[in-house]
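Here is what each chain is made of, one letter per residue.
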Amino acid sequence: MGKGRLEAFSDGVIAIIITIMVLEIKVPHGFDLAALRPLIPVFLSYVLSFIFLGIYWNNHHHLLQAVRHVNGRILWANLHLLFWLSLIPFVTGWMGENSFAAMPVALYGTVLLLSALAYFILTRALISYHGSDSTLAIAVGRDFKGKISVVLYAVAIPLAFVNSWLACILYVVVAVMWLIPDRRIENTLTP
């Protein structure tokens, strides 16, 4: 089957997730800049999550540009990814509302870790369907960035109970690592 519906559905779900996140930011009752001060942790967690969702949306788009067809297994793998991404508004809000306390930061990392693993599963399902010599398989290669991301999340989760800010720094490192353009798929698709 074609990939169009999968792309459209995924785009819509990610757009809704971002909308839910921004709607969770409550308007302060004060009228001066001091009224915004309590929202700083909420806003920072929103920005980080917005960046992560943008990274997933962008990479998902590139992933699907390298394939032509999908099957039922791929549809389920994609839903698995969307499930974990749909939890981002909850952990974002909890982390922001509690000023980056240990447990919310650890749960945030857990959702990021499970999202990364779900993305890996989706990638492997696509490669399995299209073959190890497919454009996608060649473009993904050994996926160093994906593997190092999983390691950093796995380190950050227990680290949150020692120092939640250091755990958050590791989350930012992963985000920055993925913000640096990854041209693997583009370079493989362009002759």
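Residues numbered from 1 in each chain as written. Predicted model: local features only at pLDDT ≥ 70, side-chain atom pairs only at ≥ 80, totals over all residues. Heavy atoms only, no water.

Peer 1: Please set out the overall build of the protein residue by residue, giving values where relevant.
Peer 2: The number of helices and strands found in the protein is nine helices and zero strands. Ordered by position from the N terminus, the helices and strands of the protein form the series α-α-α-α-α-α-α-α-α. Taken against the 2.2 N^0.38 rule, which gives 16 Å for 191 residues, the C-alpha radius of gyration of the protein at 18 Å falls within 12% of a compact globule. For the protein, the spread of C-alpha atoms along the principal axes amounts to about 55 × 35 × 30 Å. Within the protein, buried positions represent 45% of all 191 residues. Taking the intrachain contacts of the protein between residues at least 6 apart in sequence as the baseline, contacts between residues at least 24 apart amount to 80%. (Helix = DSSP H or I, 4+ residues; strand = E, 2+ residues; numbered from the N terminus. Rg over C-alpha atoms; globule rule 2.2 N^0.38 Å. Buried < 20%, exposed > 50% of the residue type's maximum accessible area, 1.4 Å probe, protein only. Contact = heavy atoms within 4.5 Å.)

Peer 1: Describe the packing of helix H5 (residues 102-130) against helix H7 (residues 144-159), listing the residues and the values that go with them.
Peer 2: At a closest axis distance of 9 Å, the pairing of H5 and H7 adopts a crossing angle of 160°. In this view, H5 runs roughly antiparallel relative to H7, as classed from their interaxial angle. Regarding H5 and H7, the two cross each other, and that crossing is left-handed. Along its contact with H5, which presents Ala 106, Gly 109, Thr 110, Leu 112, Leu 113, Ala 116 and Leu 117, the element H7 presents Val 150, Tyr 153 and Ile 157. Of the residues contributing to the contact of H5 with H7, the split by class is eight nonpolar, two polar and no charged. (Axes fitted to C-alpha atoms, helices over the stretch in contact; angles between N-to-C directions. Parallel < 35°, antiparallel > 145°, perpendicular 65-115°, else oblique. Left-handed = near helix turned anticlockwise from the far one by under 90°. Nonpolar A, V, L, I, M, F, W, Y, C, P; charged D, E, K, R; others polar.)

Peer 1: Any details on helix H3 (residues 72-86)? Residues and values, ideally.
Peer 2: Taking 1.5 Å of rise per residue, the 15 residues of H3 would be expected to cover 21 Å, and the 21 Å separating its terminal C-alpha atoms lies within 8% of that figure. For H3, every residue scored as buried is listed here: Ile 74, Ala 77, Asn 78, Leu 81, Leu 82, Trp 84 and Leu 85. Projected down its long axis, H3 carries its buried residues within an arc of 160°, all on one side. When the buried face of H3 is taken as reference, the exposed residues oriented beyond 90 degrees from it are Arg 73 and Trp 76. In this structure, the buried residues of H3 make contact with helix H1 (4-23), helix H2 (40-65), helix H4 (88-97) and H5. (Expected span 1.5 Å × (residues − 1). Arc of directions from axis to C-beta.)

Peer 1: Give me the lowdown on H7, citing residues and values where you can.
Peer 2: With 16 residues, H7 ought to run about 22 Å at 1.5 Å a step, and its terminal C-alpha atoms sit 22 Å apart, in line with that. What H7 keeps buried is the set Lys 145, Gly 146, Ser 149, Leu 152, Tyr 153, Ala 156 and Ile 157. In a view along the axis of H7, the buried residues occupy a sector of 135°, so they form one face of it. Those residues of H7 that are buried are in contact with H2, H5 and helix H8 (164-179).

Peer 1: Describe in detail the side chain of Asn 59, supporting the description with residues and values.
Peer 2: Structurally, Asn 59 can be placed in helix H2. What Asn 59 contacts, discounting residues up to four positions off in sequence, is Tyr 119 and Trp 178.

Peer 1: Give a description of the environment of Thr 110 that names residues and reports values.
Peer 2: Considering the arrangement of structural elements, one finds Thr 110 in helix H5. Under the relative-accessibility criterion, Thr 110 is labelled partly exposed at 25%. Spatially, the C-alpha atoms of Thr 110 and Ala 154 are 7.9 Å apart, while their sequence positions differ by 44 residues.

Peer 1: Residue-level account of unusual backbone geometry, with values.
Peer 2: Even without being glycine, Ser 99 reaches a positive phi, approximately 50°. Taking relative accessible area as the criterion, Ser 99 reaches 43% and is therefore assigned partly exposed. With a phi close to 55°, Asp 143 is a non-glycine residue in the positive phi region.

Peer 1: Mind laying out the packing of aromatic side chains, listing which residues take part and the relevant values?
Peer 2: For the coordinates displayed, the defined rule picks out nine aromatic pairs. Here the aromatic rings of Phe 100 and Trp 165 are separated by 4.7 Å at their centres, their planes lie at 40°, and the arrangement is tilted. With Phe 100 in the loop between H4 and H5 and Trp 165 in helix H8, the pair connects residues that are 65 residues apart, well separated along the chain. On the basis of relative accessible area, Phe 100 is assigned to the buried category, the value being 5%. The structure contains a cluster of three or more aromatic residues connected by ring pairs, namely Phe 52, Tyr 108, Tyr 153 and Tyr 171. Above the ring of Trp 178, the side-chain terminus of Lys 145 is found at 4.6 Å from the ring centroid. (Phe/Tyr/Trp six-rings, centres within 6.5 Å; stacked < 30°, edge-to-face > 60°. Lys NZ or Arg CZ within 6 Å of the ring centre and 35° of its normal.)

From the geometry alone we can't say anything about function, so treat these as descriptive.
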